[in-house]
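Each chain is listed here by its residues.
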Amino acid sequence: MSYQDKYEMVCGVETHVELATKTKIFCGCTTEFGGEQNTHVCPVCLGLPGVLPVLNREVVNLAIKAGLALNCEIAEFTKFDRKNYYYPDLPKNYQTSQYDLPICKKGWVEIEVIGKSKKGGITRAHMEEDAGKLVHSGDSITASDSSGVDYNRTGVPLLEIVSEPDMRSVDEVIAYLQELVQILDYAGVSDCRMEQGSVRFDVNVSLRPLGSKDFGTRTEIKNLNSFTAVRRCLEYETERQAAVLDKGEKVIQETRTWDENQGVTLSLRTKEEAHDYRYFPEPDLVPLKIDRDWVERIRATLPELPAAKRERLKGLGLSAYEAGIITSNKAMAGYFDQVMQKYPEAKVVANWIMGDLSALLNAGNQSFEDCPVKPYQLADMLLMIDKGEISGKIAKTVLEEIYSSGKDPAAIVKEKGLVQIKDEGALEKIISEVLANNPKSVADYRGGKEKALGFLVGQVMKATQGKANPELVNKILKEKLK
Amino acid sequence: MKTVGKSLAELHKLLVNKEISSVELTREYLDHIREYEPKIKAFITITEDEALKQAEEVDKAIAQGEEIGPLAGIPMALKDNLCTEGIVTTCASQMLRDFNPPYDATVVSRLKAAGAVLVGKLNMDEFAMGSSTENSGYFPTANPWDLSRVPGGSSGGSAASVAAGEVPYSLGSDTGGSIRQPAAFCGVVGLKPTYGAVSRYGLVAFASSLDQIGPLTRTVEDNALVLNAIAGHDPLDSTSVPFNKPDYTQFLENNVRGLKIGVPKEFFGLGLKQEVAAVIEQAIKTFEQLGAKIEECSLPHMEYALPAYYIIAPAECSSNLARYDGVSYGYRAEADGMIEMCKTTRAKAFGQEVKRRIMLGTYALSSGYYDAYYLKAQKVRTLVKQDFERVLAQYDILLSPTTPTVAYKLGEISDPVTCYMGDVYTIPVNLAGLPAISLPAGFTDGLPVGMQLIGNYFAEGLLYRAAYVFEQNTGYYKEIPGLLREAD
Amino acid sequence: MKISQQEIEHIALLARLKLTPEEINLYTEQLNSILECFDMLNRIDTTNVEPTAHAVELYNVLREDEVQPSLPREKALQNAPQAEDGFFKVPRIV
């Protein structure tokens, strides 16, 4: 029995996304991933006595851009606040964040689950600094005598996007997150490299009896770093809460952690932890006044976003499914558009991209970002098919050849002698030979067995290594067999 | 040649005319420091080697015929909450006993660039919290005018070292009066500049929205010369104001005719000692005789400034000092587990006053009390600021005593509330972010009395002019502590 | 408002200060007498007064997104009470 028979889930997500800047939010250290521990640090991000923060302009630009992409209101006045709590990965023991006046609020994204769409509300989005990284001496934090602190990540700019508690199923949560991440990726706000931890999710989830309008007691599960983790965690947590409620007990409002290995959520409460963040305005930073010109300048840099792109692709004749697949990947979508500039047949382009080209990339462990087949090369190849210069079958070989050599399709066709034989004289000669060698089939056809024609076409193609123009072969054969 | 006690302009002339080298000058000051330190105890660190090296470089420049700036080759010392690369910066706290900053504060870079010779780091109340330098985590400093008395604080070492002739000038920091009050107690000139006029980058924060760095000197002219070197916009401090920095010495003109001086009656209220009031009243008469127009005025919200300050400053301090947790720098206590280590480290390495303010500030920001305390205090801050703005629209400057009393005896005040009351005339100025100067107004029973002049935002020049006129026409700056006279 | 000893203990935990019983007594007493002085703030009406966070008004102080050199690691670690393999080392966290 599933929780869904008795309860409805209510879920909201806080998404922390790393903004795509070159430097940290308050100092000039690089944000590059993967440096040796404690080499991307300076007095400011180490929180040494006496240092002061200076805000990175690009952080504000990207936060505005994200807000616009997520249909948010952009604040005219916004400021930073200090969130005070002790943790060894936080050098100043306060995080510079935004409290009561975030830069973005009241937005939404369109989410779609099995053909039904709804709006997933966004309460707010605010700028803040990331903390450092702890490396534990043992297998886990609880099994370690000591830990090492690496402050390279400290001060990397984050945007925290807080959703409304609008999601009612795990599928809706995943759809919301996928759409959100896709939008941020398209907008160029973040690299959205999940495997590098540049997107992290905190989910708030509760259950309520079916038909109830009140919210149940929620738990918060922090620091999930993939869609799979969110799905598995929510599937576990909803069943756990359902079991608690079924027993007539109460869910405790608390923060839990997801244990990936065991596949369970665990309580994080400790006796010594007292939660009181004591927010107050950051005295070391001055407020921001964001005039509407600034917002419009950023708006002008917004590229086409996934939802608009999907609609446009549907308008070009793609099915909703095809449009969804193509736009699910920003690089693939960009590739599609580039091919379309030279070869504007959406269906054909989509088929090749989703089919043969994707298969090649998958097999070669590559992506559309670094696709060895340039968009113009695919377009040229498709044009050659249309002009009858190569057959569709030969084209598959040509594509493989472009993929491995990087050469242009025309050069490959010429080099390998793949050009179609459209010379009637030459074909007639070959066909005569084929007819002479297959008297039985000739007799069968003339005796009314239409199928024999197909065999003969095949023999001609074989003799020409597939280069014969199929239409021409048909025409000549039929004439000769009259 | 006796150079101790000479003005910066005189010392500069000696160097330029090659009557003395910077190394000789530095040695003379170092000798003087060695002689008086056992009594004064103004220094936490003496940087003899670094000083002589810097002096040699200036001498080389002079020898090569280079033109040197007004501070080049002249010794000075810094309050020990200003970060100096490679030189231990303790904030007079056991917490930072061995802290060696990997960077220089902006004011330090600017003084280095000006060729200044750093001879040491000066004692203070721990993390600049206190008004007597008795809260130093190391030792108290004595007042050169009476060794049994406090030099004031928190920049007690900065004021005492200048008064004792150990350095021609020093830098201090002022959050609620920490430059002006010790300047008053030690009979020297101390300026708290407009908030944002001097970069705070590298000043170990106490209360970020109130802290400012400023010079302590024997004379007004010296003060203007030092401000010339340290003031001005700094991109490393977001609260640093881009303004057109004048040459402050250009204001030193012996004329206050027509200057409108307001005397706020609230600054002559409860707690003001009769003998201090008498000196200040005499100073007011002097200004009148010199042609200034004096009028009484009112700043009705002044009585609320003190409680507002003692909410805002501890609140900011509780957050600013959270970083001292034993993790990546500073003292670490041995204890089992992270939380215990952190709690024990802070309990052992912070002194009583620091802990008290952290407790007070944490409470003021905590859930359920924020509106009643912190937010209320910020609103009161607005009212205090508006009072000043209204009055400064009518008057060029305001005049008051710097402190309600003269320097008190070491150990005399132990109750925190009584101690906090001593800052009642200086605190409102920090809340408003205005510039103010304290200068010797006269003496009572052989102890200096300080007069505070408050100006409009970025009107340091006008403060200097008024202070200069008073100084030149009274000559109190020529008085030196008995301690130094005996030695002559 | 009166602060209880229990509140003082809670505040000490928030502020990460390990206080002795004597200190708890002392701070309870001293903070109460300081807070008594604060009560005078209730005498003024601040209903329509905007709070001041900065004495001097400034807005939009921003720097360009240009990489500056970081510290050499040995300098970053030079004040560490304990360091190992380029990490700051801390005792067990839970």
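Everything below is about the structure shown above.
Q: Please clarify how the overall build of chain C should be interpreted in this entry.
A: What chain C contains, in helices and strands, is 3 helices and 3 strands. For chain C, the α and β elements follow one another from N to C terminus as α-α-β-α-β-β. The C-alpha atoms of chain C give a radius of gyration of 23 Å, which is well past the 12 Å a tight globule of 94 residues would have. The C-alpha extent of chain C, read off along each of the three principal axes, is 55 × 45 × 20 Å. In chain C, buried positions account for 48% of the 94 residues. For chain C, long-range pairs separated by at least 24 residues make up 30% of all intrachain contacts whose partners lie at least 6 apart in sequence. For chain C, the exposed surface amounts to about 5100 Å²; the carbon and sulfur share of it is 49%. The distance from the centre of the 9 positive side-chain charges to the centre of the 16 negative ones in chain C is 10 Å.

Q: Help me understand the overall build of chain B, please; the structure alone is not making it clear to me.
A: The helix and strand inventory of chain B stands at 16 helices and 11 strands. For chain B, whose C-alpha radius of gyration is 21 Å, the value lies close to the compact-globule estimate of 23 Å for 488 residues. Taken along its principal axes, the extent of the C-alpha atoms in chain B is 65 × 55 × 45 Å. By the burial criterion, 69% of the 488 residues in chain B qualify as buried. Restricting to contacts in chain B with at least 6 residues of sequence separation, those with at least 24 account for 76%. Here chain B has roughly 14800 Å² of accessible surface; of this, 47% comes from carbon and sulfur atoms. Averaging the coordinates of the 44 positive side-chain charges in chain B and doing the same for the 58 negative ones gives two points 3 Å apart.

Q: Looking at this model, I keep getting lost on the pairing of strand 12 (residues 199-209) of chain A. Mind explaining?
A: The two faces of the sheet receive side chains in turn, since in a regular strand these alternate between them. All names here are of chain A. Counting buried residues in strand 12 gives 10 out of 11 residues, a clear majority hidden from the surface. In the sheet, strand 1 (residues 7-18) pairs with strand 12 via 11 bridges, with the strands oriented antiparallel. Considered in strand 12, the bridge of valine 13 is made with valine 203. Note: strand 12 against strand 13 (residues 219-224), 4 bridges, orientation antiparallel. What sits directly across from valine 205, in strand 13, is threonine 219.

Q: How should I be thinking about unusual backbone geometry in this particular structure?
A: Phi is mostly negative for residues that are not glycine, and the peptide bonds are mostly trans. All names here are of chain B. The omega torsion across glycine 153 and serine 154 is 10 degrees, close enough to zero to call that bond cis. Checked against the element boundaries, serine 154 lands in the loop between strand 3 (117-122) and helix 5 (156-163). Residue alanine 128 is not a glycine yet carries a positive backbone phi of 70 degrees. The residue alanine 128 is located in the loop between strand 3 and helix 5 in this model. By relative accessible area, which is 5% here, alanine 128 ends up buried. Unusually for a residue other than glycine, threonine 133 sits at a positive phi of about 65 degrees. Mapped onto the elements, threonine 133 comes out in the loop between strand 3 and helix 5. Threonine 133 sits in the buried class, given a relative accessible area of 0%.

Q: I would appreciate a short explanation of empty space enclosed by the protein in the present structure.
A: Residue and element names in this part refer to chain A. Under the defined criterion, the tally for this structure stands at 9 cavities of 30 Å³ or more. The space that makes up the largest cavity amounts to roughly 180 Å³. What lines the largest cavity is a set of 21 residues, and nearest its centre among them are Phe26, Val44, Cys45, Lys92 and Glu129. In terms of residue class, the lining of the second largest cavity is made up of 5 nonpolar, 7 polar and 2 charged.

Q: Would you explain helix 1 (residues 5-14) of chain C in this entry?
A: An α-helical turn contains 3.6 residues, so a residue and the one three or four places further along point in the same direction. Along helix 1 of chain C, the positions that sit buried rather than exposed are C:Ile8, C:Ile11, C:Ala12, C:Leu13 and C:Leu14. Looking at the buried side of helix 1 of chain C, the elements it contacts are helix 10 (338-349) and helix 11 (352-365) of chain B together with helix 2 (21-38) of chain C. Just downstream of helix 1 of chain C lies C:Arg16, where phi reads positive at about 50 degrees.

Q: Teacher, can you tell me more about the packing of helix 8 (residues 274-289) of chain B against helix 15 (residues 460-474) of chain B here?
A: Think of two packed helices as two axes; the pair is described by the angle between the axes and how far apart they sit. All names here are of chain B. With their axes 11 Å apart at the nearest point, helix 8 and helix 15 run at an angle of 100 degrees to one another. Looking at the two axes, helix 8 sits roughly perpendicular to helix 15. Residues Ala283, Thr286 and Phe287 of helix 8 form the contact with helix 15, whose participating residues are Ala466, Phe470 and Thr474.

Q: Sorry if this is basic, but what is going on with the nonpolar core here?
A: One recurring pattern in soluble globular proteins is that nonpolar side chains are buried together. By size, the foremost hydrophobic cluster in this structure holds 218 residues, and its most contacted members are B:Leu111, B:Phe127, B:Phe287, B:Phe388, B:Met451 and B:Leu453. Counting residues per element, this core draws most heavily on helix 9 (residues 302-320) of chain B, at 12 residues. Residues in contact with B:Phe388, not counting those within four places in the same chain, are B:Phe267, B:Leu299, B:Met302, B:Leu398, B:Pro428, B:Val429, B:Ala432, B:Leu434 and B:Ile454. Residues A:Phe80, A:Met127, A:Ala323 and A:Phe368 belong to the second largest nonpolar core, which totals 106 residues.

Q: Whenever I open this one, the interface of chain B and chain C confuses me. Can you help?
A: Interfaces are frequently sized by the accessible area removed from exposure as the parts join. With 66 residues of chain B in contact, the opposing surface of chain C contributes 52 residues. Counting the surface lost from both chain B and chain C, the interface buries some 5400 Å², and carbon and sulfur atoms represent 67% of this. Taken together, chain B and chain C are joined by 5 salt bridges. Note that C:Glu23 is salt-bridged to B:Lys355, the shortest N-O span being 2.9 Å. Counting across the chain B and chain C interface gives 24 residue pairs in polar contact (both at pLDDT 80 or more). Of all the secondary structure elements, the ones that give two or more residues to the side of chain B that touches chain C are helix 9, helix 10, helix 11, helix 12 (371-392), helix 13 (416-421) and helix 14 (427-432) of chain B. The element that contributes the greatest number of residues to the side of chain B that touches chain C is helix 12 of chain B, accounting for 11 residues. A per-class count over the side of chain B that touches chain C returns 35 nonpolar, 17 polar and 14 charged.

Q: Can you walk me through the pattern of salt bridges in this structure?
A: Side chains carrying opposite charge are able to pair once their charged atoms draw close together. All names here are of chain A. As enumerated under the stated definition, the model contains 52 salt bridges over all chains in all. Across the pair glutamate 18 and arginine 153 runs a salt bridge, and its minimum N-O distance is 3.3 Å. Here glutamate 18 is found in strand 1, whereas its partner arginine 153 is found in the loop between strand 10 (146-150) and strand 11 (157-163), with 135 residues between them in sequence. For glutamate 18, a relative accessible area of 16% puts it in the buried group. A salt bridge links aspartate 171 to arginine 231; the shortest N-O distance between them is 3.1 Å.

Q: What exactly am I supposed to notice about the environment of C:Pro91 here?
A: Tracing the chain through its elements places C:Pro91 in strand 3 (residues 87-91). You can call C:Pro91 buried: its relative accessible area is 15%. Other than its neighbours up to four places away in sequence, C:Pro91 contacts A:Asp145, A:Ser146, B:Arg332, B:Gly337, B:Met338 and B:Met341.

Q: Would you mind going over the sheet that holds strand 3 of chain C with me for this structure?
A: In sheet architecture, strand pairing relies on hydrogen bonds along the backbone and comes in two forms, parallel and antiparallel. Spatially, 4 strands are ordered 9(A)-10(A)-3(C)-2(C) in an open sheet, and the strand pairing comes out antiparallel. Both outer strands of the open sheet, strand 9 (133-136) of chain A together with strand 2 (83-84) of chain C, are each paired with one neighbouring strand and no more. Looking at chain direction, strand 9 of chain A and strand 10 of chain A are connected through 4 bridges and run antiparallel. Bridge pairing in strand 10 of chain A places A:His136 opposite A:Ser147.

Q: Please clarify how the side chain of B:Glu316 should be interpreted in this entry.
A: As for its placement among the helices and strands, B:Glu316 is situated in helix 9. Those residues within four positions of B:Glu316 in sequence are excluded, and the remaining contacts are A:Arg82, A:Phe280, A:Pro283, B:Phe206, B:Ala207, B:Ser208, B:Ser209, B:Leu210 and B:Tyr374.

Reading guide: rules and limits
- Residues numbered from 1 in each chain as written.
- Chains lettered and ligands numbered in written order.
- Predicted model: local features only at pLDDT ≥ 70, side-chain atom pairs only at ≥ 80, totals over all residues.
- Heavy atoms only, no water.
- Helix = DSSP H or I, 4+ residues; strand = E, 2+ residues; numbered from the N terminus.
- Rg over C-alpha atoms; globule rule 2.2 N^0.38 Å.
- Buried < 20%, exposed > 50% of the residue type's maximum accessible area, 1.4 Å probe, protein only.
- Contact = heavy atoms within 4.5 Å.
- Areas by Shrake-Rupley, 256 points an atom, 1.4 Å probe, with all protein chains shown as cover.
- Lys, Arg positive; Asp, Glu negative; His and termini not counted.
- Charge placed at Lys NZ, Arg CZ, Asp CG, Glu CD.
- Pairing = 2+ DSSP bridges.
- 1 Å grid on protein atoms, 1.4 Å probe; cavity = no way out; pocket = protein on both sides within 12 Å on 5 of 7 lines; lining within 4 Å.
- Points joined across faces, edges and corners; volume = space filled by probe spheres on them.
- Nonpolar A, V, L, I, M, F, W, Y, C, P; charged D, E, K, R; others polar.
- Axes fitted to C-alpha atoms, helices over the stretch in contact; angles between N-to-C directions.
- Parallel < 35°, antiparallel > 145°, perpendicular 65-115°, else oblique.
- Core = buried A, V, L, I, M, F, W, Y, C linked by side-chain atoms within 4.5 Å.
- Buried area = accessible area lost by both parts, 1.4 Å probe.
- Salt bridge = Lys/Arg side-chain N within 4 Å of Asp/Glu carboxyl O.
- Polar contact = N/O pair within 3.5 Å; in protein donor to acceptor, adjacent residues only side chain to side chain.

All we've got here are geometric facts, nothing functional implied.
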